[in-house]
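Now for the letters of each chain:
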Amino acid sequence: MTDYQVHTLPNGIRILHKHAPSAIAHCCFIVNAGSRDEAEHQEGLAHFIEHLLFKETEKRNTSQILNRLELVGADLNAYTTKEYTCIHASFLKQHLERAIDLFEDILFHSTFPEEEQEKERGVILDEIASYLDQPEEAIQDDFEELLFKGHPIGANILGTPETVAKLNTNDIKQFIAANNNTSEMVFAVFGEYDFKKITRLAEKYFGALPVNNAKKQRLKPDKNVTGLYRFSKPISQTHCIIGGQAYSSSHANKHGLLLLNNLLGGMGMSSRLNLEIREKHGIAYTIESNYTALTDTGIFSIYFGTDSEKAEKAAKLVHRELKKLRDQKLGSLQLHQTKQKFIGQIALAEESHMSLIISMAKSLLDFNYVDSLPQLFDKINAVTTEQLLAISNEIFDNNSMITLLFEPK
């Protein structure tokens, strides 16, 4: 049985609700349009649009948009990824209609005035400069650019100073028309409401919106290039990323790789990489691994920062841990403990209700269903040691990974 309800409007927009007794409610509106959908030389456009949604609509100015929820103590924000744009809000449950009214206004009636474009262009250029000043952030962007060389997935979500400087009203309108398919939109609500009330409000505010059946032309990326890449930077430490392309969000091995990622360098201090490199050898303050699944590919990476004279040793230790996973099956107790740790972390993460409803909305958007916790735990528990060994030999193969180093000048 599912623990959520879904209603589809005539224009294709889906309404998702998860009931929960609470004085606080959360909602999000996700559009299946992100930075990978930008045309060449328009890098940063999806993020630029996200910023401008909060600036002016046909009936509200910037102050009225921001105050619509903030005056009742609510929180309003948004973000852009490679594949999605998401607006979200948290508020006292009596203010649901206020949030829906605002979402509909900024998403479908923004006017993108020229003077606001110029202001936000400056804000985003400062944001880009800020990221470039943080090597632990910049190296991730450069790694993905190498990993997906020549493909839109590899482009920086923020764009570059050169591309952001040229974005204009025509670019914005063309992108929205080409990518904002109403059948690829989900409005999701977490809170103590009757579902009939939510559908009634959704129909009132979203029901009359025109259908947009725009079809995306997303191309699956080629297999990544491999090798060692070194760049000198005005920094005091060496920063390193080791990784490669991985499984998509619909791949049968996704849950196995999620388990391996958590075992290697996931949350908490007891990951293998943290115990070996930080606790045992004391040669890196931060070491972590990450796995991001996209709709047609994925990204696996291990990051650490350390003193330059220790970087080579840290990299060798990383490769030693990867080799263990390629060469040795986990014992039954190790597998059980790995699963229990991961399952416990997932259960705790559900306490973040905003993250939960966004995750549910993404799942509905991508797969047209949402796993319940027991269903998700069943998939994790079904992973075998043989599968983990096969996944390790495919994803952690030295011949299919990139090593990227930022080294002090």
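Residues numbered from 1 in each chain as written. Predicted model: local features only at pLDDT ≥ 70, side-chain atom pairs only at ≥ 80, totals over all residues. Heavy atoms only, no water.

Let us look at the sheet that holds strand β11 (residues 402-408). As summarised here, the arrangement of the 5 strands in space is β7-β11-β8-β10-β9, forming an open sheet in which the pairing is mixed. Whereas interior strands pair on both sides, the edge strands pair on one side only; in this sheet they are β7 (227-233) and β9 (286-293). Pairs of neighbouring strands in the sheet enclose a mean axial angle of 15 degrees, with direction left out of account. By the bridge criterion, 7 bridges tie β7 to β11 in an arrangement that is parallel. (Pairing = 2+ DSSP bridges. Helix = DSSP H or I, 4+ residues; strand = E, 2+ residues; numbered from the N terminus. Axes fitted to C-alpha atoms, helices over the stretch in contact; angles between N-to-C directions.)

To continue, consider empty space enclosed by the protein. Applying the stated criterion to the full structure yields 2 cavities of 30 Å³ or more. If you add up the space inside the largest cavity, you get close to 110 Å³. Around the largest cavity sit V31, A33, A46, I49, E50, L53, T85, L107, F175, I176 and N180, which together line it. For the lining of the largest cavity, the secondary structure elements donating two or more residues are α1 (45-52) and α7 (169-179). In terms of residues, the lining of the largest cavity owes the most to one element, α1, which gives 3 residues. Looking at the second largest cavity, its volume works out to about 30 Å³. (1 Å grid on protein atoms, 1.4 Å probe; cavity = no way out; pocket = protein on both sides within 12 Å on 5 of 7 lines; lining within 4 Å. Points joined across faces, edges and corners; volume = space filled by probe spheres on them.)

Turning next to the packing of α1 against α7. It is at 10 Å that the axes of α1 and α7 come closest, and there the two elements cross at 100 degrees. One element, α1, and the other, α7, form an angle in the roughly perpendicular class. Contact with α1, carried on its side by L45, A46, F48, I49 and L52, involves D171, I172, F175 and I176 of α7 and no other residues of that element. Here the contact of α1 with α7 is built from residues that sort into 8 nonpolar, no polar and 1 charged. (Parallel < 35°, antiparallel > 145°, perpendicular 65-115°, else oblique. Contact = heavy atoms within 4.5 Å. Nonpolar A, V, L, I, M, F, W, Y, C, P; charged D, E, K, R; others polar.)

Strand order in the open sheet formed by 6 strands is β1-β2-β6-β3-β5-β4, with mixed pairing between adjacent strands. With partners counted over all chains shown, the strands left at the sheet margins are β1 (5-8) and β4 (75-80), one partner each. Direction aside, neighbouring strands of the sheet carry axes that sit 15 degrees apart on average. The sheet contact formed by β4 and strand β5 (residues 85-92) spans 6 bridges and is antiparallel.

Our next topic: the side chain of N179. Structurally, N179 is set in helix α7. A polar contact is formed between the side chain of N179 and the backbone oxygen of F175, at a distance of 2.9 Å. Those residues in contact with N179 that lie beyond four places of it in its chain are N32, A33, D37, A214 and K216. (Polar contact = N/O pair within 3.5 Å; in protein donor to acceptor, adjacent residues only side chain to side chain.)

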